[in-house]
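Each chain, written out:
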Amino acid sequence: MIRVLLADDQALVRSGFRALLGSQPDLDVVAEAADGAQAVTAAREHHPDVVLMDIRMPGTDGITATREITGDPELAGTRVVVLTTFTDDSYVFDAIRGGASGFLVKDSEPADLIHAIRVVHGGEALLAPAVTRTLIAEFAARSRGCPDGAVRLGELTDREREVLAEVAAGLSNDEIAARLHMSPTTAKTHVSRTMTKLGARDRAQLVVLAYESGLVRPGWRG
């Protein structure tokens with residue numbers, strides 16, 4: 001079972017999510033929270049696998065709560081998917097930089113929400129939608145390269161740099177394997193080693209590091 005925590009200040013929204021997720025045999029809503037502070041407390045108590053986190057909530061907002069959850073060593077296995085009705089790029093990018101494994105808008109199709117939970121729980125970042133990659137690229141383009149990030153990339157082998165660039169393009173392990181002519185298992189190993197060397201929590205953070213360090217730039221694949 002995938003244990004899920006719902007964090008949203010609207011009881012009706014939480015009720016709808018609970019009903020939707022409860023219809024799935026592999027999903028279990030273990031707790032609910034009406035604001036960011038409650039979400040952090042509930043996460044520490046229940047240790048959910050995935051948190052569905054609204055961005056705008058009274059008191060402690062979703063981005064702050066995300067940082068607290070992802071920054072807690074005791075919650076290393078908890079992933080956060082940010083939910084929002086807003087398309088403001090800054091909210092999304094701040095959430096990903098804060099440790100979120102991805103984001104969805106609240107009017108996404110029910111199947112997309114369920115898929116997102118399973119994808120994130122499986123260790124992938126929710127980066128497939130083109131809009132996510134575009135947002136990360138745009139914000140990376142506006143910021144200067146991070147010297148510290150470039151130094152950290154110096155710890156990687158040439159092959160690991162290649163793999164990191166493909167992760168930044170949103171490719172899955174299977175797609176990376178096909179592009180770089182290696183087995184999916186080898187691709188997965190390179191991704192895992194790269195995450196360890198860079199201290200990245202998941203693939204979403206790898207993408208941010210790849211852009212901020214200057215390893216890749218917006219439109220590089222084209």
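Please refer to the structure placed before this passage.
Computed from a predicted model, the values in this text were never measured in an experiment.

How each quantity is defined
- Residues numbered from 1 in each chain as written.
- Predicted model: local features only at pLDDT ≥ 70, side-chain atom pairs only at ≥ 80, totals over all residues.
- Heavy atoms only, no water.
- Helix = DSSP H or I, 4+ residues; strand = E, 2+ residues; numbered from the N terminus.
- Buried < 20%, exposed > 50% of the residue type's maximum accessible area, 1.4 Å probe, protein only.
- Contact = heavy atoms within 4.5 Å.
- Areas by Shrake-Rupley, 256 points an atom, 1.4 Å probe, with all protein chains shown as cover.
- Arc of directions from axis to C-beta.
- Polar contact = N/O pair within 3.5 Å; in protein donor to acceptor, adjacent residues only side chain to side chain.
- Axes fitted to C-alpha atoms, helices over the stretch in contact; angles between N-to-C directions.
- Parallel < 35°, antiparallel > 145°, perpendicular 65-115°, else oblique.
- Nonpolar A, V, L, I, M, F, W, Y, C, P; charged D, E, K, R; others polar.
- Left-handed = near helix turned anticlockwise from the far one by under 90°.
- Salt bridge = Lys/Arg side-chain N within 4 Å of Asp/Glu carboxyl O.

Colleague: What exactly am I supposed to notice about the overall build of the protein chain here?
Modeller: Across its full length, the protein chain carries 11 helices and 5 strands. Across the 222 residues in the protein chain, those meeting the buried criterion constitute 49%. Across the protein chain, the fraction of contacts at a sequence separation of at least 24, relative to all contacts at a separation of at least 6, is 68%. Only carbon and sulfur atoms are counted for the fraction: they give 51% of the accessible area of the protein chain, which is about 10,300 Å².

Colleague: Looking at this structure, how should I read helix H8 (residues 158-168)?
Modeller: Every buried residue belonging to H8 is among Glu 160, Val 163, Leu 164, Ala 165, Glu 166, Val 167 and Ala 168, and all of these are buried. Of the residues trailing H8, Gly 170 is marked for its positive phi of about 85 degrees.

Colleague: Can you walk me through helix H3 (residues 62-70) in this structure?
Modeller: Owing to its 3.6 residues per turn, the α-helix aligns residues three or four sequence positions apart on the same side. Of all the positions in H3, only Gly 62, Ile 63, Ala 65, Thr 66, Ile 69 and Thr 70 are classed as buried. For H3, the angular spread of the buried residues around the axis is 160 degrees, confining them to a single face. Structurally, the start of H3 carries an N-cap: the backbone nitrogen of Ile 63 is 3.0 Å from a side-chain oxygen of Asp 61.

Colleague: Hey, could you run me through the packing of H8 against helix H11 (residues 203-212) in this one?
Modeller: Think of two packed helices as two axes; the pair is described by the angle between the axes and how far apart they sit. Relative orientation of the contacting elements H8 and H11 amounts to 105 degrees, with a least axis distance of 8 Å. As judged from the angle between their axes, H8 and H11 are roughly perpendicular. Here Leu 164, Val 167 and Ala 168 of H8 lie close against H11, whose contacting residues are Arg 203, Leu 206, Val 207, Ala 210 and Tyr 211. A class-by-class count of the residues in the contact of H8 with H11 yields 7 nonpolar, no polar and 1 charged.

Colleague: What is the right way to look at unusual backbone geometry in this model?
Modeller: Of all residues except glycine, most have a negative phi; of all peptide bonds, most are trans. At His 47, a position not held by glycine, the phi torsion is positive, near 50 degrees. Even without a glycine there, the phi angle at His 181 is positive, about 55 degrees. Tracing the sequence through the fold places His 181 in the loop between helix H9 (173-180) and helix H10 (184-198). On the basis of relative accessibility, which here comes to 72%, the residue His 181 falls in the exposed class.

Colleague: It is not clear to me how the packing of helix H2 (residues 36-46) against H3 should be interpreted in this structure. Could you clarify?
Modeller: In contact at an axis separation of 8 Å, H2 and H3 are set at 20 degrees when each is read in the N-to-C sense. Of the possible angle classes, the one that applies to H2 and H3 is roughly parallel. When the axes of H2 and H3 are compared, the crossing they make is right-handed. Of the residues in H3, those touching H2 at Gly 36, Ala 39, Val 40, Ala 43 and Arg 44 are Ala 65, Glu 68 and Ile 69. Of the residues that constitute the contact of H2 with H3, the class distribution is 5 nonpolar, 1 polar and 2 charged.

Colleague: Would you take a moment to explain the environment of Gly 36 for this structure?
Modeller: Position of Gly 36 among the secondary structure elements: in helix H2. Taking the C-alpha atoms as reference points, Gly 36 and Thr 60, 24 residues apart in sequence, are found 4.6 Å from one another. Setting aside anything within four residues of it in sequence, one finds Gly 36 in contact with Met 57, Pro 58, Thr 60, Asp 61 and Ala 65.

Colleague: Would you take a moment to explain the pattern of salt bridges for this structure?
Modeller: Two side chains carrying opposite charge are able to pair once their charged atoms lie near each other. Applying the stated criterion across every chain yields a total of 7 salt bridges. Arg 18 is paired through a salt bridge with Glu 32; the nearest N and O atoms lie 2.6 Å apart. Of the two residues, Arg 18 is situated in helix H1 (residues 11-22) and Glu 32 in strand E2 (residues 27-33); the sequence distance between them amounts to 14 residues. Between Arg 159 and Glu 162 there is a salt bridge whose closest N-O contact spans 2.7 Å. Of this pair, Arg 159 and Glu 162 both sit in helix H8, 3 residues apart, which is roughly one turn of that helix. Overall, the relative accessible area of 29% leaves Arg 159 in the partly exposed class. Residue classification places Glu 162 among the partly exposed residues on the basis of a relative accessible area of 37%. Taken together, the shared-partner salt bridges connect Arg 14, Arg 18 and Glu 32 into one network.

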